[in-house]
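Each chain is listed here by its residues.
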Amino acid sequence: MSEPLHETRLVVNGVPHTVQVPARRLLADCLRHDLGLTGTHLGCEHGVCGACTVLVDGQPMRSCLLFAAGMDGAEITTVEGCRAPDGGLGPVQQAFRDCHGLQCGFCTPGFVTTITAWLREHPDPTEAQAREAIGGNLCRCTGYQNIVASVLRAAELLKEAP
């Protein structure tokens, strides 16, 4: 017996999608497997590490804790959607590159989405505020100095943007 599917409409990175998903399909799995957006990573699958963070209607949320069917009508932004309008690196992505905040890169998508949302409301952060902003995301490489530097550099890049 096959599991019933639920038609779910999502706008992901500005592109409308309609998917047929089982009730228990996680948003992270829907993004990765149904839509082919593999930038969102699953780390702990318990909402602790933040690797799966995406923006839901502009707010950072753990996609490993959300059912895709429950997101019907939502606007989702993944790390792929944090690019510059010309398709190049967005300011947070460029800052991670500039400051070597990437390290192994597994946790980076969650940091990029979290920081993208946070900088909208905190455009001129101090180092202490930057550390607080990323407090909910874990990096197993433990190189937080470079990630904090990336937050501050991203704020600079956003100020320089036309």
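Refer to the preceding data block for the structure.
About the cut-offs
- Residues numbered from 1 in each chain as written.
- Predicted model: local features only at pLDDT ≥ 70, side-chain atom pairs only at ≥ 80, totals over all residues.
- Heavy atoms only, no water.
- Salt bridge = Lys/Arg side-chain N within 4 Å of Asp/Glu carboxyl O.
- Helix = DSSP H or I, 4+ residues; strand = E, 2+ residues; numbered from the N terminus.
- Buried < 20%, exposed > 50% of the residue type's maximum accessible area, 1.4 Å probe, protein only.
- Contact = heavy atoms within 4.5 Å.

Focus: the pattern of salt bridges
- The final tally for this structure, using the stated rule, is 7 salt bridges.
- Linking Asp-98 and Arg-153 is a salt bridge whose minimum nitrogen-to-oxygen distance equals 3.1 Å. With Asp-98 in helix H2 (residues 91-98) and Arg-153 in helix H5 (residues 144-160), the pair connects residues that are 55 residues apart, well separated along the chain.
- We classify Asp-98 as partly exposed; its relative accessible area is 40%.

Quick look at the environment of Ile-76
- Summarising the element assignment, Ile-76 is placed in strand S5 (residues 75-77).
- Under the relative-accessibility criterion, Ile-76 is labelled buried at 1%.
- Separated by 22 residues in sequence, Ile-76 and Val-54 place their C-alpha atoms 6.8 Å apart.
- Excluding residues within four positions of it along the chain, Ile-76 makes contact with Leu-10, Val-11, Val-12, Asn-13, Leu-27, Leu-31, Val-54, Leu-55 and Val-56.

As for the side chain of Ser-150
- Mapped onto the fold, Ser-150 is located in helix H5.
- Those residues in contact with Ser-150 that sit more than four places away from it in its chain are Ala-95, Phe-96, Cys-99 and Gly-101.

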